[in-house]
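Single-letter residue listing:
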Amino acid sequence: MATTTMSDFRIDPVSGLKIHKTANTLVKWNAFAAVVFLLVGGLFGVGVALTRMPSVQLLSPELFYMALTAHGLVNLAVWIIFFEMAVLYFLGAHVLGNRIAGPKWAWAQFWLMLVGAAMVAVAVLAPLWGGAPSSVMMTSYPPLQAQPHFYLGLILFAVGALIGCFVFLGTLVVAKREKTYNGSLPLVVFGGVTATVIAVYTIVSGALILIPTFLWSVGLIAHIDPMMYRVVWWGFGHSSQQINVVTHISIWYLIASLVFGAKPMSEKVSRGAFLLYILFLQLGSVHHLLSDPGLSSTWKIFNTSYMLYLAVLASMIHGLTVPGAIEVAQRRKGLDTGLFTWLRKAPWGNPIFSGMFLSLVGFGFIGGVTGVVMSVEQINMVIHNTMYLPGHFHGTLVVGTTMAFMAVTYWLIPVVFQRKIALAGMAKWQPYIFSLGAWVFSIALMGAGTLGVQRRHADITFAGQPLAYEYPEIAKGLMDLGEIFGVVMAVGAIMYILIVLASIFAGEKIPEGSAPWPKVEDADVVAERTGKHHVGMWGMEAPGTFILAMILFATIVLYYFINFKYLSTIWGLS
Amino acid sequence: MGTSYTPPTNPDWWREPIERTEIWWIVLAFAWCLFMFGWMVGWHFVGPQNMSNEAYKTTPEAFSKKVADMQAKYTVRKDEATGEDVVSPPPGSDVYLAAMQWQFRPILELQKGQKYRLHMSSLDVGHGFSLQPENINFQVYPGYEQVTSITPNKTGVFSIACGEYCGGVDAMGHHTMLGRIYVKE
């Protein structure tokens, strides 16, 4: 293994991090690829949105199903996983002041993922040039069959991501051996390890099912059992979304420290919550199988509840400890009056903070509350595969993960690309516009789903069918409303992409040794200086956060029983 | 002292006491988790809407035959809109519904307040049974026959939309797939 010298590193004046130049290049390329794919996937998303507005119906069904397949794969997998690779390398190398292990392997990760994504793109977009379609949606349930290179591309992409996971783990080994840090791993790196453990499980599940499906598509295997496929595939499809949750929660903790000089309220609690994720989060893949035949209720209930809801508990803990850490830091810095002064006086014009906080609140109230309720075995019967589903997972993946990734980008560009954020005025507004679009979009779609509108339909009016059915007018209205805000969300995404491209290609260069903004003081250091040791009220250090948590709690309880009330009015089923 | 991106300043962080805000929240959240688990189990005993656990392996041929036998026995009239058979099996009996690209057949007529054993399977790819406007949703697969006891509690015309993407082109496809159930007094 090559030895490294000091000239392989630079000290970043913004963060004080010791940055390995090769690792930095890899972070740059993965993040850049991610943003390009966000643009591609987002454009297909706009096509989907404009088709699902009953009053517009832009695309023909054939093109709609193609666009929906492309949108799902690119935005759910390609954008997110490329960005996660950038985050993992950043956590392993930059945060630990360490070199990246096996840079050649890391480049193999990048190119395999890129080639895999390109193969899938060629397969999915083939109808555009008259080729055979692979419009099987991202779930690609047999017996629907795509072209062989669709599956092969996914496999290459997954193998690339798996290599990336092992590069990250190898990088941690190097850091430990070369003693680039002392004691336990920093919390955010521990979060990265959690994400990686889940990622390995996820990718192995994907390989287990996609390899036989590929062999089936080329005729070497006669039959893929559709139930078996679903059980194993969701070990990949659902768990991949859990990687996102863990990654964006790590980013929340990171931003709380970067913007406020906050430290975790309790290392033990936050790490314990990550450990609960490692142990229980993957059981959630059964959420997709709750209305399937041949699986017993005992098995479904054990798994859908993540064994006594222990992974839900973990999310509820993070939901409190992240804003709690911010509150404690703000109070220590002198904003120790009232319940919400700390929050009111937070830097709402700083997109790093506003994006992170919108991600936190939106993920909790929209993605989180609905996720807990819809995964009840019985409630699932009245929402399964309706528009509620896309509503919910945009509430997690867009409102939560994507918003958090965007927020941290505004901090990463100065550190990784050594450029100031261009179009800073636009950046100030971007999180608000994107979140406004995503929040209303999610809520409206969930409303339409509750009224029965089915997902993945090119035309929700069933036009020309002898057995006509019309959804209630209000459901169609909600679809129109939701998709208009889908376009607002796309505008927010395009603003982000413009800011990123303008910053990295034309942003003002940050000269070696100077920082684009003043260094944030550690809240504890400030408290030490001013002698402020006890903060908060009612014997709580973070009473405001506790009130916010109670509002979340009341929302879950209320929403849970509203849904059971609704369930109790339908046909008897047993 | 300390941040989330530096190692814990106290190497013995595992022994640090937990602050009250967190303790209260953890206790409350965990109590709610246990309640939700108990409620989901309990609804199986007291709730009138639950997933059935009854399912069998089948084949499209075997299932089609069951549908045809039922249709031959219990057809009561022709549907006005389509001219197809409307099948009205007696209360308590086994009712067979086939999903196929791109329809659910046969058209059924049931009685309010009566229980039926509804058998569902697919003759080709995966589909989803979505009863509208009740909004009751199940997965339907080829090779698997799911049996659910259903008790309609309202009269009227109910439609079955497809809840799982099942392919198709412009004029016919997943988005045009429908079936129908009439419920009378």
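Above this text you will find the structure in question.
Residues numbered from 1 in each chain as written. Chains lettered and ligands numbered in written order. Predicted model: local features only at pLDDT ≥ 70, side-chain atom pairs only at ≥ 80, totals over all residues.

A word on the overall build of chain B
Link 1 in the chain: A count of helical and extended segments in chain B gives 2 helices and 12 strands.
Link 2 in the chain: Going residue by residue from the N terminus, the α and β elements of chain B occur as α-β-α-β-β-β-β-β-β-β-β-β-β-β.
Link 3 in the chain: A compact globule built from 185 residues would reach a C-alpha radius of gyration of about 16 Å, whereas chain B, at 25 Å, exceeds it by more than 25%.
Link 4 in the chain: Dimensions of chain B, computed from the C-alpha atoms along their principal axes, are close to 80 × 40 × 30 Å.
Link 5 in the chain: Here chain B, with 185 residues, has 46% of them falling under the buried criterion. (Helix = DSSP H or I, 4+ residues; strand = E, 2+ residues; numbered from the N terminus. Rg over C-alpha atoms; globule rule 2.2 N^0.38 Å. Buried ≥ 20, exposed ≤ 12 C-beta atoms within 10 Å, placed from the backbone.)

Some details on the overall build of chain A
Link 1 in the chain: For chain A, the helix and strand inventory stands at 16 helices and 3 strands.
Link 2 in the chain: For 574 residues, the compact-globule formula gives about 25 Å, and the C-alpha radius of gyration of chain A, at 24 Å, lands near that figure.
Link 3 in the chain: Within chain A, the proportion of its 574 residues that are buried is 61%.
Link 4 in the chain: Here the contacts in chain A between residues at least 6 apart in sequence split such that 85% fall between residues at least 24 apart. (Contact = placed C-beta atoms within 7 Å.)

Observations regarding the nonpolar core
Link 1 in the chain: Among the nonpolar cores identified, the biggest contains 255 residues, and A:Phe82, A:Tyr89 and A:Ile255 are the most heavily contacted of them.
Link 2 in the chain: When residues no more than four places from it in sequence are discounted, the contact partners of A:Phe82 are A:Asn30, A:Ala33, A:Ala34, A:Phe37 and A:Met113. (Core = buried A, V, L, I, M, F, W, Y, C linked by C-beta atoms within 7 Å.)

A word on the interface of chain B and chain A
Much of the literature gives interface size as the accessible area that the parts lose upon coming together.
Link 1 in the chain: Contacts between the two partners involve 81 residues from chain B, matched on the other side by 83 residues from chain A.
Link 2 in the chain: Put simply, the parts of the chain that give the side of chain B that touches chain A at least two residues each are helix H1 (20-46), strand E8 (127-132), strand E9 (136-140), strand E10 (144-151), strand E11 (156-162) and strand E12 (178-184) of chain B.
Link 3 in the chain: Considering each element in turn, the side of chain B that touches chain A owes the most residues, 17 residues, to H1(B).
Link 4 in the chain: Grouping the amino acids of the side of chain B that touches chain A by side-chain chemistry returns 39 nonpolar, 34 polar and 8 charged.
Link 5 in the chain: Note that strand E3 (residues 572-573) of chain A and E10(B) share 2 bridges and pair antiparallel. By the bridge assignment, A:Gly572 is partnered in E10(B) with B:Thr151. (Nonpolar A, V, L, I, M, F, W, Y, C, P; charged D, E, K, R; others polar. Pairing = 2+ DSSP bridges.)

Things to note about the pairing of strand E4 (residues 94-100) of chain B
The two faces of the sheet receive side chains in turn, since in a regular strand these alternate between them.
Residues and elements named next belong to chain B.
Link 1 in the chain: Of all the 7 residues making up E4, 5 are buried; the element is thus mostly covered by neighbouring parts of the structure.
Link 2 in the chain: Inspection of the sheet shows E4 paired to strand E5 (residues 103-105) by 3 bridges, in the antiparallel sense. Among the inter-strand pairings, Ala 98 is bridged to a residue of E5, identified as Arg 105.
Link 3 in the chain: Here E4 folds back onto E5, and the loop between the two strands holds 2 residues.

With respect to the pairing of strand E7 (residues 116-122) of chain B
Residues and elements named next belong to chain B.
Link 1 in the chain: The buried fraction of E7 is high, at 6 of 7 residues.
Link 2 in the chain: The pairing of E4 with E7 spans 6 bridges and is parallel. Note that in E7 the partner of Asp 94 across the bridge is Arg 117.
Link 3 in the chain: Bridging between E7 and E10 involves 5 bridges; their strand directions are antiparallel. What sits directly across from Arg 117, in E10, is Ser 149.

A word on the packing of helix H9 (residues 306-332) of chain A against H1(B)
Link 1 in the chain: It is at 9 Å that the axes of H9(A) and H1(B) come closest, and there the two elements cross at 155°. Relative to H1(B), H9(A) is oriented roughly antiparallel. Between H9(A) and H1(B) lies a crossing of right-handed hand. The segment H9(A) lies against H1(B), with A:Leu308, A:Tyr309, A:Val312, A:Leu313, A:Met316, A:Ile317, A:Leu320, A:Thr321 and A:Gly324 engaging B:Thr21, B:Glu22, B:Trp25, B:Ile26, B:Ala29, B:Phe30, B:Cys33, B:Leu34, B:Met36 and B:Phe37.
Link 2 in the chain: Broken down by class, the residue content of the contact of H9(A) with H1(B) amounts to 15 nonpolar, 3 polar and 1 charged. (Axes fitted to C-alpha atoms, helices over the stretch in contact; angles between N-to-C directions. Parallel < 35°, antiparallel > 145°, perpendicular 65-115°, else oblique. Left-handed = near helix turned anticlockwise from the far one by under 90°.)

Considerations on unusual backbone geometry
Link 1 in the chain: Of note, the amide linkage connecting A:Pro142 to A:Pro143 takes the cis form, showing an omega dihedral of 5°.
Link 2 in the chain: With an omega of -5°, the peptide bond between B:Gln101 and B:Trp102 qualifies as cis.
Link 3 in the chain: Structurally, B:Trp102 can be placed in the loop between E4 and E5.
Link 4 in the chain: Its identity as a non-glycine residue notwithstanding, A:Tyr306 has a phi of 50°, on the positive side.
Link 5 in the chain: Mapping A:Tyr306 onto the fold places it in helix H9.
Link 6 in the chain: Positioned with a positive phi, A:Tyr309 is a non-glycine residue whose angle comes to about 60°.
Link 7 in the chain: Position of A:Tyr309 relative to the elements: it lies in helix H9.

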